[in-house]
Each structure stands twice: as structure tokens, then as C-alpha cells.
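Summary of structural features
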Amino acid sequence: MTVEIDGKPLPAPAGRRAWSLLAWLALHPGPQARGELAARFWPDVLDTSARASLRSAVWTLRRDLGDAGGAHVVATRDHVELEGDVAVDAREFDALVAEGELARAAELGDAPLLAGFEDEWALRARDAHRDHLIDVLERLAEDAEPKAALSYTRRQVALEPMGEEVHRRLMRRLAATGDRPAALAAYERLRERLRRELGLAPSAATRELAEALRGEGASSAAAADEAIVVAATAAPAPTRRLLPLAGREAELQALLRAWDEARAGSGAVVVLRGEAGIGKTRLATELLDRARAQGARGAVCAGLELGGGAPLGLWAELAAELGREVPAPPPESAWPDDLSRLAPELAARFGRDPAARADVPPELERARLFEAAAELVAWATHDCPAVLVMEDLHLVDDLSLDLVGYVARRVPRLPVLVVLTRRELPRRPAVDALEQALRARGALAAELVLAPLEDTAVATLSRAIGALDDADVAQVVLGAEGNALLAVEQARALAAGEREPPASLRGAVRAAMAPLPDDARRVAELAAVAGRDLDPGELVSLPLDDPRAAASRAVQTGLLDAGAGRFGYRHALLREAVYADLPGPHRAHLHEAIATVLIERADPGPGRRAAEAARHLRLAGRDDQAVEQLARAADHARAVGAIDEAAGFLAEALELRPEDTELLLAASDAEAWRGHRALAEERFEQALKLVEAEGDPLACATAWLHLERGYHGPICYPRGVLHTSTRVLEILDEAGLDARALRLEALSARAWSEAIAGDADEAERLLAQVLDLAGGKLDDGLLRFDVSHARQLALIRRGQFREAYGPSIEAGVDAVRAGRPDLSAGIWINAAAAAMAVGEHARAEEFIDRALEALDGVGTFALELLTWSARAHLYLRTGRLDAARDAAAHAEELADRLGSPEYARLTACDSGLVALARGEHERAAALLARALDGEAPISRPLARLTRAEALAALHRCDEADAEIRATALEPVGPADFPDTLVARLTRVQGLVAAARGDDALAQRRLRESAAGWRRITDRGRGDRMHAVFADFGRPAIGLVEPARELERVEAELEELHAAVQ
Amino acid sequence: MPQFSDAITTSAPPEEVWKLLYDASRFAEWWEGIETSEVRDGGATIYPDGYPDFPMPQAIEASRDDGGRVRISCLVSDIRFEWRLTEHAGGTRISVEVEVPEEEAQRFDRQREVAQKSLRNLAECARA
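Moving on, we come to the overall build of chain A. Assigned secondary structure in chain A consists of 52 helices and twelve strands. Within chain A, buried positions represent 54% of all 1061 residues. Sequence separation of 24 or more characterises 67% of the internal contacts of chain A that already satisfy a separation of 6 or more.

Encoded structure:
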């Protein structure tokens, strides 16, 4: 409740009763009999005491309201009344309804009435208001068009999450729009909620409606049976009951302001900081509840307290939770399939078939997952706003933090508020960096630091726990030192009859646990050991006779919570206190029990719970069993693109079992993917020793092939590929083994290494051998790709650019068929570069179109960016400057989406080159300065010279000179075309001299430059292209054309000469 | 492998020294003992004083990874020169590191002399 006097908000008064009295008077106009008020507010005391308390409350109220108190709170001997010009929004709501202004009423009255008031009358008033609002929303829905009607109905469901009637309305309306899956999903959510929170099945009317929607599906008899089973087996669990939010009015208002902006479409991120137990979660929950009451979606996820969990664990939880809430996305959207790798339950939820997908490089997998997560958030907000709460950021894995930053870049365009909570200590640099990045982008709507609560707020909180006298409350205030959690636990202990409040939280927790029977104690201990909330499936799998009943009993301690489908501690500190009290051997036993549950419930294939299971097994002292789980955790990490984490799990497994060949080879692969050649080689050498000792040549050849793949793919080390592939072939020859598949792979790899860095003719000879060995036909799509790719590179290397088209087309098509759009795009860009080299611009554009086509919908912005960059260069080269500007701008947008400073500099460089060509010299100078401000895959000497040229055109000659000097001090590589740099630099010196009016020097420099260009031929263009590819990972679109450069310098000389004349 | 290093400071700006270092057609202007040099098809060839018919092809490498050094290796003798420029008090400090293979060890002192004179020449040429 908020009170304003002449537009100024009034702080809540110290006396809770006075505030409550004001609320009553506001809702009940006219004189209120003192006797009735006294009996209502102080029912448990004598009438005289109650009347005295009423007098005191009225006095407090009038004092706190200041002048307005005297004017409006009218108290006579028999009555109390709120009188005069008093506007009450709840009454205005009723008036608007009476006038038929339903839309305005629904807007005005959508917050819960008297939120935070727990008096019986307030609860009844809140319920009545909610029912009234639901009626209004239904009347609006009946007259609205289908989309708006759905929105009104969703708000009804949010107001009454377990209301069957409102759910039936929603199901009918969803079905009426043709979205039957969403209608059934709404039913499933209701069914699950009723089962979980009340142990009930939906009523016959609701079940029948669901059956009707299912059409020919399961019989209604079966559904009825199921309902009976659910009702019979589900033990009742208490619903969540929140304590009042005390002393956080200012913070709540700040949050609500951010939420108002967000739901209007300008999303943002909010950070809540503060020590453990200070009230971050309670504040976030308040916002979440209010938002849900307004029809918003909400989801909560949290970091794992155990440490060392699966990468992206935070997002796996969020995806699973949001997945339960959102309607099924259209079948053509690809993101649910990508996201299913992280949260497998999504595939079933959205009716997808989790088809096997090609393994792709970790960075591509990661890019897909990141984009899929952003798509999920966008989808979750496409039909209503949302609040996403991410708790305990200080515990979250680094990759999850990266993804928060990635998604946050989209947030300003979505109706979503992301609430991040974190403790101040221990410091976590990755979280600080995330906050800093959000701040820099202006995405942080608020940063709220929760200070210790005021004494009055602690007192309010304590009284909400139970009947405490003033002395008890004073004790709690003294002991809690403003910490909400401590206050609640101490108050709880006093209310339960303890004579003294416990000196510590641990003491309070011990007191709460003491009366628990064995099974309830055990389930509480298991929950403490688990380190996170357990889901219903995990709960019922715990090694207890009746885990649900035990959980229900444990929840009654007030330490645990069973709301929202999860079972766990209300706060991490409570969990830690229980955990700390467990004796060592018992604790180990419990960890093993949790690990067993996780392993038994694991999905087939790499499991996201494997890392957790491994952690529990290690804490249980079962290192022998932990190794297998660590290997599975590595598989899972690799599958979600978290290669650093995969390498970490494997390293840990190898510490426990150092002589395991499979682990060593997997670790070698992982290090290769991380680009750590020396480590990859070290692990390989260790594995090779073991394999050689076994004397199995096939195993030896296979091991060598592991290293070859690392060199060939992530490390890109052609000499290494040559060595390893040769070794594979030698081993097979020496042992007289056929091993055709291994031979084919080794031969094609060797051909690739010769094509890119050795003898192009030898590459052709090896490719002929591959075809011969395969009988003229290659069945494996990726092998066909390798062969065509090697042929393309060999032809480009030899300068046979047109001849490279054929193999390029074959390789591009094969890569797409093999599920590798990334490889396909690379091939098409190479082909475009080849076409540019022979001046076939239309062909080059066609190849670039094919690259974009291959990447369409894949979510790999980095590759798309490089393709758009290639397109900008193509247009620049062909003089289509507007198109070049647009293509470069598109690449810049993609860099922004990626949030990569390196790519931002690359695209700034492209845009700078285009700006110079368009005569936009100021813009060019600024963009190129940005491009040079840090690492980027660009030619720095060329970027500096281009900037110097722009500065010369602006007559900023000293700056141009400085840029020329800096060019001479830059490291130079083959991709900078060193043999052309002197001619380029001398030309720019000429331009600067001309800008200074020193025509003689200008002419001399330009003549020197022209002489330089005359000495440079365009032979070896294939090598030039390979040099750029090796240095920057992409080919040069438009090679150096000495004749063209010479022509330009000569034209400049002529112009200068004419001007001098 | 026997090696030595030397350095000199010149008042010439780095870009003028740099232009001489990167332009193989101008090696003869400052490289002691070189009579002529030519650039053809992207490669450089030098001809020693008094040996107009004795071409010595040179590999000129520039590597981004080792701090912007220009490495000039003789493909006949395997003697390698690495040149590096740094800005110094308004001018340039030119450093050179030379590696002489074992089989050319008898030319070590002569190469030290060549490097010293070439440094002086380079500094002067750039100033001109």
C-alpha cells in the first residue's frame, strides 16, 4: 500500500496496526464504530484494552499523516472515519466497473490489493478484489478479438493459478485460435500444479474439456484413472506462504519502475546486491508475484551451491522452467532443437523429435545455443511480458554469465525484466565484468544494494512470524542486526517456545530440526547435501519409504519450501547450517545417495547431471566411480560447446586415473579444440605410450588420427597434418592392414596439408589415390567434402581460380548435406574470392549468396558477419558504394549482437574503407581509429595507411604523419602484403605533402610510389590469398592489383601536375 | 649457432628507415658489400660486390608474432639478419641480430663488420 499526500509519497508509519487501520478505513467509507474496529483489530484482548489500542493507533496514524491526519482522520467518541478529499484506487476501481469503464478498471486494479498485509480481513478483501478483477477481465475477453481475449484470459490465470474455471476459459480460447497444443499445455500445467501443491486431480469438467481437445487421443476413462492415481498417491504439501516484505519499499518502487518500463517494451536488467539473508530473494519474489498477477510470465533459476556443476547449468534450468510456460513455437523454428541439447525436456514439451545432429565445432555449438537461448527469451515475451530472475550469480559458471551478457543485448527491445541477484562477497571478477559490460551498454536499469533492515522493519517481520511480545521482538531486533533471515529464524524459535533466541543461525536451525521424525530429518539432510532444490522426480527417487510424506513433514519446520514444484531450503544459509551439522561419515553417505539418484535418473547419452553426480561421488570419497561421471560430464560440456569445461572435467578424471587411454585421447582432442597445441601433443604422447605398449597397430593408427584431426581442424597446422597422416599410413602399411576408412581419411588429410602449405601437385596426386582407393566413389559426405576442399585449395594456390569453381560447388553442397553449414560457408567465400581474382564479380556475388543461404537460420553470427564483410569488399571493389555501405553496416549490426570487440573492430575497419571510398573522410578517420583500438583480424598497417589518407584529405596533416609513423612500427605479416607496403606508404606521404601545399615533395613521393608499383607484378596471387587466409582466417576478397594501383597514382600525379600548372 | 647483435640511432624518422628496409630494390644503397639488387616476381636477389654473375636470392619475411621484426635470410648461405625499428628521441633506433650457421663460421667476423657498416649506411641513407 502506498499513501500520497498532495502527490508526495508518505513513508510507511512505524506502527503496523496504524497502517492496517488506515487501509481498513480507506476501503470502508463512512463512520466506523469504535467497538467494531477494536474487536476486529485486537480480538484477543479485553474490550477496554482493545479500545485503548485503537486510540493509540488513531493517534499514531494522525501523527504520521501530519496535517492531513488531522484533516482526514476524523475520530469521535463512537466512530472513526476517513473523511474529505481522499482518493482510494481500490474504490475508484469499483466506480469504474460500475460505470462500465472496464478496460480502465482492469488497468487500475491489476496489482494485488494490500499486498504484504496478512490480516484475515485483508486476505479476504484481496481475494474479493481478485475475483472482481477476474470478472472484469472475463467481460473484457468476451467482447475482445481473439488475441486480446487470450491476453485477458492469461491475466485471469495468473491471478488464479489453480482456478479451474479460468483455465478452462484459456483452454477454450487457445483451441479457438487453432493452437490446440497450447490449450493442452495449459491443461498440463494446471494438472501438474494441482497435483504438486494440493495433491488433487483436475475436476471432471476440466478433464473432459482436455479429452475433447485431444480428440481421438487417450480415452476419458484412462484419464479418470490417472486422476484417481494422482489424487491417491500425492501427499499434500503446504503451499508457499510469504512473509511480509518489510522495510524494502524504496527498493520495491525502483524495481516496479523498471518493470513498468520493461513491460511497455523497453526491457532491462536489474541487479540486487547484498549479503546473504538480507532479503534479495524476497524482493525478487515480490516483483515476480506482482508481475504474474498482471498476466506476465515468470521464471527463476539459480547457481549451484555445490560448485563444479555442468556448464550453462543456470540456463538449462531457466530453459526447462520457461519451456513449461510458453506455448509450442512454430514447427519451422530451429531454436528448440538447438536448445534441447541443453535442456532435453524441451524436445518432448514442444513435440520435437530430437534427431541426431552432426557434431560441429564447439564454438559453433556454443553460438547456436546462445542464439537459441536468446530466441527462447524472445518467444517467451512474444505474447506477454516476462520477469526472469537469476539468483546467486556469484555461484554461476562462467559460460552462463557469458550467455546472460549475450541475451542482455536483446533485452532492450523485448518486454522483459531480468533480475540478477548476487552477494557482494566473495568477489567474483566474472560477475563484476558482466555488470560492467551491462552498465556500459546502458542495459542496467537499476543497481540496488540491500542494506541491513531498519529496526522497525525487523520488528514487523518478527511479529509476522507469530505472537511475540514486545520484549521478544526487541531481542530479535538486537540479535538480527538488520538481517531478515536471521530475524525470521530467531523469531520462529521464540514463537516455538524457546526461552532465548538462538545465538546463531546454526543454533536456530538445530532447534527447528530437533523435533523431526527420522524420515523427515533424513529428507532434510539429503536436501542439504544436494546443494540445490530437488525436482519432484528426484524427490520421489530418494531412498526413503515415502519421500513425499517425509518432505511434507520437513517443510513444517519452516526451513524448507515445497512450492513451485521444487523441494529445498528457503535460503542457502539454512542449507549450509544443516550441512555443517552433519558428521563427516554420515555426510559422505548422503552424498553417495544423492549421486545414485542423479545417475539412476540420468538421460541416456551425455547427461547434464553427470558433473553434479561426479562432485557428490568425490565428496563421498568414491573417486573410482567419479571418473566415469567426469567423462560423461566432459561429453555433455563438449555437446554444449563448453570446451574449456570439458577439458577441466577430463583433467580431473585423469588425476584420478592417469593411465586411461580413452581419457587421454579425449583430453588431447579437447586441448586441440581449445587451440592448445602443446597440451594436445602432451596428452597424445602419454596415450601413445600406452597404446604402443599394447602392440595393436590399428589402435596406434587410430590414436595418430586423433592428433591429425586436431591439427586439421581447430589448430590448423598443415605441417602437423602432414606428419600425423603420413604416420597413420606408415603404421597401416608396416602392419599390412587394409583399414580403408582410416587410410582414406589420412590420405585426404595429407592432400589438404599439401594443398594449403606444401606442393599443390602432390596434393592432386594424393587426391587421385583417395579416389582410386574408394573405387571412384566416396560414400562418406564429410570425406567427399575434404577431397573437394583440398582440390579447391590446390587450384587456388596455383592461380587456377576458375577451375576451382567446380570443386567448390561440390564441397559446399556436401558440407550442407553433412550438417556442417559452417564448412559450407567457408567454401563459398573461398570460391567468391577466386571469382573476384579473375574479375567475375557476378559469380562472386552468387557464391556469397550461397554462403548466406547455407547459414540462414543457423544462428552463427560470426560466420554471417564474415560473409557480409566479404560482400562489402566485393561491392567496394566494383564501385557499388551504397551497397557496400549497407553490407558493412549489416556486418556491424551482427558484431553488435555478438558483443565481440574484435569483430566490432573488424567491421569498423570495413565501414571505414567504404567511407573513404565515398569521400566521407571524417567518418572514415573515426571508424578506422576505432578499428585500430585493440586486437582484430585486420591488416593494421593497411588500416593505418587508409586512415592517414582520410586525415590528409581533411588537411589534418600532423595526425596523418603520426599514422604513417605508426605504420612503420606495426608488426607486419604475410597477409599485409609486405612487398607492396613501401609503394602504398610512399603514396600516402605524397598525399600528405600535397595537402600541406608542398607540391614538389608530393610529386617526388608519388613518382617513387609509381616506380614501386611498376616493380610489383601480380604473380603469386594464389599465395597471397592463402597468406590472408592463414593470418586472418578468411580469404582476401579482391587481391592486390598492381596495374590498378599504378593507374591511380599516375592519375593523382597528373592531377597534381595540372594544379601546379 | 653463432650470433651477434648491434644497433645504431639515427635522427631519421622510422618510416624513412622502414622504406629502405622493406624495399629490396634499394638494398644496394645501404647494405655493405652488395653491388646491386633486384625484385622479380615478389622475390629479392642481391649480387655481391665484384660478383655480378653470382645471384644470391633472399627470403624476406615479416612476422606478426615476433614484435615486428623484418627477417632477411640468404637462401644461399643461410645467414639470417633480423632488423627491428623503435622510435627513439624523435628519431629511430635500428637494431640488428645476425645468425651465422656453423658451416659459415669463418665469415663471422666479416659479417659483424658488414652489419656495423650497413647500420651506419642505413641510418645515413634514411636521413638523406
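Residue and element names in this part refer to chain A. Even without being a glycine, Glu 481 presents a positive backbone phi close to 50°. You can call Glu 481 exposed: its relative accessible area is 67%. The phi dihedral of His 955 falls on the positive side, at around 60°, and the residue is not glycine. Mapped onto the elements, His 955 comes out in the loop between α47 (940-953) and α48 (957-969). We classify His 955 as exposed; its relative accessible area is 55%.

Structurally, Glu708(A) can be placed in helix α35 (residues 697-715). Here Glu708(A) occupies a buried position and makes no salt bridge, while the nearest side chain of opposite charge, Arg709(A), is found at 5.1 Å.

A word on the environment of Asp109(B). Of note, Asp109(B) is situated in helix α3 (residues 108-127). Measuring from C-alpha to C-alpha, the distance between Asp109(B) and Phe4(B) comes to 10.0 Å, with 105 residues separating the pair along the chain.

Residues and elements named next belong to chain A. Taken in spatial order, the three strands line up as β3-β5-β4 in an open sheet, and their pairing is antiparallel. Looking at which strands have only one partner, the edges of the open sheet turn out to be β3 (32-33) and β4 (73-75). Of the pairings in the sheet, the one linking β4 to strand β5 (residues 79-82) comprises three bridges and is antiparallel in character. In the strand pairing of β5, Ala 75 is matched with Val 80. On top of the sheet, helix α1 (residues 16-27) reaches β3 and β5; it is set at about 75° to β5, its chief contact. Of the strands in this sheet, β4 and β5 touch helix α3 (residues 47-64), which is tilted by about 150° from β4.

Attention now goes to a negative patch on the surface. On the surface, Asp518(A), Asp519(A), Asp545(A) and Asp546(A) cluster together into a negatively charged patch. Along the polypeptide, Asp518(A) turns up in helix α25 (residues 518-530).

Looking now at helix α50 (residues 999-1015) of chain A. Over its 17 residues, α50(A) extends 25 Å from the first C-alpha to the last, a length consistent with the 24 Å expected when each residue adds 1.5 Å. Every buried residue belonging to α50(A) is among Ala1002(A), Gln1003(A), Arg1005(A), Leu1006(A), Ser1009(A), Ala1010(A), Gly1012(A) and Trp1013(A), and all of these are buried.

The full count for this structure, using the stated rule, is 95 salt bridges over all chains. For Asp849(A), the salt bridge identified is with Arg871(A), shortest N-O distance 2.0 Å. With Asp849(A) in helix α42 (residues 841-855) and Arg871(A) in helix α43 (residues 861-877), the pair connects residues that are 22 residues apart, well separated along the chain. Across the pair Glu15(B) and Arg965(A) runs a salt bridge whose closest N-O atoms are separated by 3.0 Å. Residue Glu15(B) is located in helix α1 (residues 14-22), and its partner Arg965(A) is located in helix α48; the two belong to separate chains.

Take the pairing of strand β9 (residues 416-422) of chain A next. Residues and elements named next belong to chain A. Counting buried residues along β9, seven of its seven residues qualify, which places the element largely inside the surrounding structure. Where strand β6 (residues 268-273) meets β9, six bridges bridge the pair, whose relative direction is parallel. In the strand pairing of β9, Arg 273 is matched with Arg 422. Chirality of the crossover, the property in question, places the unit of strand β8 (residues 386-391), helix α19 (residues 398-408) and β9 among those that are right-handed.

To continue, consider the sheet that holds β9(A). Residues and elements named next belong to chain A. Taking strand neighbours across the sheet as the criterion, the five strands line up as β7-β8-β9-β6-β10 in an open arrangement whose pairing is parallel. For this open sheet the edge positions go to β7 (297-302) and β10 (444-449), each flanked by a neighbour on one side alone. With direction set aside, neighbouring strand axes in the sheet form an average angle of 15°. In the sheet, β7 pairs with β8 via six bridges, with the strands oriented parallel.

Attention shifts here to the packing of aromatic side chains. Applying the stated criterion across every chain yields a total of 18 aromatic pairs over all chains. The interplanar angle of 10° and the centroid separation of 6.0 Å between the aromatic rings of Phe81(B) and Trp83(B) together place this pair among those described as stacked. One exposure class covers both Phe81(B) and Trp83(B), and it is buried. Among the aromatic residues, those joined into a cluster by ring pairs are Phe27(B), Trp30(B), Trp31(B), Phe81(B) and Trp83(B). Stacked on the ring of Tyr579(A), the Lys or Arg Arg587(A) has its end atom at 4.3 Å from the ring centre.

Bringing the packing of α1(A) against helix α2 (residues 34-41) of chain A into the picture now. Residues and elements named next belong to chain A. Relative to each other, α1 and α2 sit at 130°, their axes nearing to 12 Å. Between α1 and α2, the angle falls in the class oblique. Viewed along their axes, α1 and α2 form a crossing whose handedness is right-handed. Each of Arg 17, Ser 20, Leu 21, Trp 24 and Leu 25 in α1 lies in contact with α2, whose residues at this interface are Leu 37, Arg 40 and Phe 41. Here the contact of α1 with α2 is built from residues that sort into five nonpolar, one polar and two charged.

A word on the packing of helix α49 (residues 978-996) of chain A against α1(B). The packing of two helices is summarised by the inter-axis angle and the distance between the axes. With their axes 9 Å apart at the nearest point, α49(A) and α1(B) run at an angle of 145° to one another. Between α49(A) and α1(B) lies a crossing of left-handed hand. Facing α49(A), whose interface residues are Pro978(A), Leu981(A), Val982(A), Leu985(A), Thr986(A) and Gln989(A), α1(B) presents Glu15(B), Glu16(B), Trp18(B), Lys19(B) and Tyr22(B). When the residues that make up the contact of α49(A) with α1(B) are grouped by side-chain class, the tally is six nonpolar, two polar and three charged.

Residues and elements named next belong to chain A. Counted at 1.5 Å a residue, the expected span for helix α41 (residues 821-837) with its 17 residues is 24 Å, and the 24 Å between its end C-alpha atoms agrees. For α41, the buried fraction is high: 15 of the 17 residues fall into the buried class. Looking one or two residues past α41, Gly 839 carries a phi angle of roughly 75°, positive in sign.

Let's shift gears to the confidence of the model for chain A. Counting all residues, the mean pLDDT for chain A is 87, and 92% of those residues have values of 70 or more. Contacts from residues 216-240 of chain A, a stretch scored under 50 in pLDDT, to residues over four places away or in other chains number 34 contacts.

Time to look at the environment of Leu793(A). Residue and element names in this part refer to chain A. Counting through the fold element by element, Leu 793 comes out in helix α39 (residues 781-797). Classification of Leu 793 as buried rests on a relative accessible area of 5%. For the pair Leu 793 and Ser 753, spaced 40 residues apart in sequence, the C-alpha separation works out to 9.7 Å.

The rules behind the values
Counting starts from 1 at the beginning of each chain's written sequence and moves along it residue by residue. Lettering of chains starts at A and numbering of ligands starts at 1, both following the order in which they are written. Owing to the predicted nature of the model, reporting of local features is limited to residues with pLDDT of at least 70; listing and counting of side-chain atom pairs is limited to 80 or more, with chain, interface and lining totals taken over all residues. Hydrogens and water molecules were not included; the side-chain quantities draw on all heavy atoms of the structure. We count a stretch as a helix when DSSP gives it H or I for four or more residues in a row; a strand needs E for two or more, and each element gets its number in order from the N terminus. Burial here depends on accessible area, computed with a 1.4 Å probe over protein chains only, as a share of the maximum for the residue type. Under 20% is buried, over 50% is exposed, and the range in between is partly exposed. Any pair of residues with heavy atoms lying within 4.5 Å of one another is described as a contacting pair. A positive count includes Lys and Arg, and a negative count includes Asp and Glu. His and the chain ends are not counted in either. For this document, the term salt bridge refers to a Lys or Arg side-chain nitrogen within 4 Å of an Asp or Glu carboxyl oxygen. Strand pairing follows a simple DSSP-based rule, namely that at least 2 bridges must link the two strands. Axis lines are fitted through C-alpha atoms, for helices just across the contact stretch, and the angle between N-to-C directions can take any value from 0 to 180 degrees. Patch construction takes residues with relative accessible area above 30% that form no salt bridge. Like charges are linked within 9 Å, and nonpolar side chains (Val, Leu, Ile, Met, Phe, Trp, Tyr) are linked within 5 Å. Per-residue and other accessible areas follow the Shrake-Rupley method at a 1.4 Å probe size, with only the shown protein chains counted as cover for residues. Where a charge sits is defined by one atom per residue type, namely NZ (Lys), CZ (Arg), CG (Asp) or CD (Glu). Under the convention used throughout, the expected extent of a helix is 1.5 Å for every residue step, that is, one less than its residue count. A right-handed crossover is one whose linking path, passing over the helix from the first strand to the second, runs clockwise when the strands point away from the viewer. Here a Phe, Tyr or Trp ring, Trp counted by its six-membered ring, pairs with any other such ring whose centre lies within 6.5 Å, and the pair is stacked when the planes are under 30 degrees apart, edge-to-face when over 60, and tilted otherwise. Two conditions define a charge sitting above a ring: the NZ of Lys or the CZ of Arg must be within 6 Å of the ring centre, and it must be within 35 degrees of the ring normal. An angle below 35 degrees is read as roughly parallel, one above 145 as roughly antiparallel, one from 65 to 115 as roughly perpendicular, and any other as oblique. Crossings are sorted by hand: turned counterclockwise from the far helix by less than a right angle, the near helix makes the crossing left-handed, and turned clockwise it makes it right-handed. Throughout this entry, Asp, Glu, Lys and Arg are counted as charged residues, while Ala, Val, Leu, Ile, Met, Phe, Trp, Tyr, Cys and Pro are counted as nonpolar. The remaining residues, Gly among them, count as polar. The score called pLDDT rates the predictor's confidence residue by residue, from a low of 0 to a high of 100.

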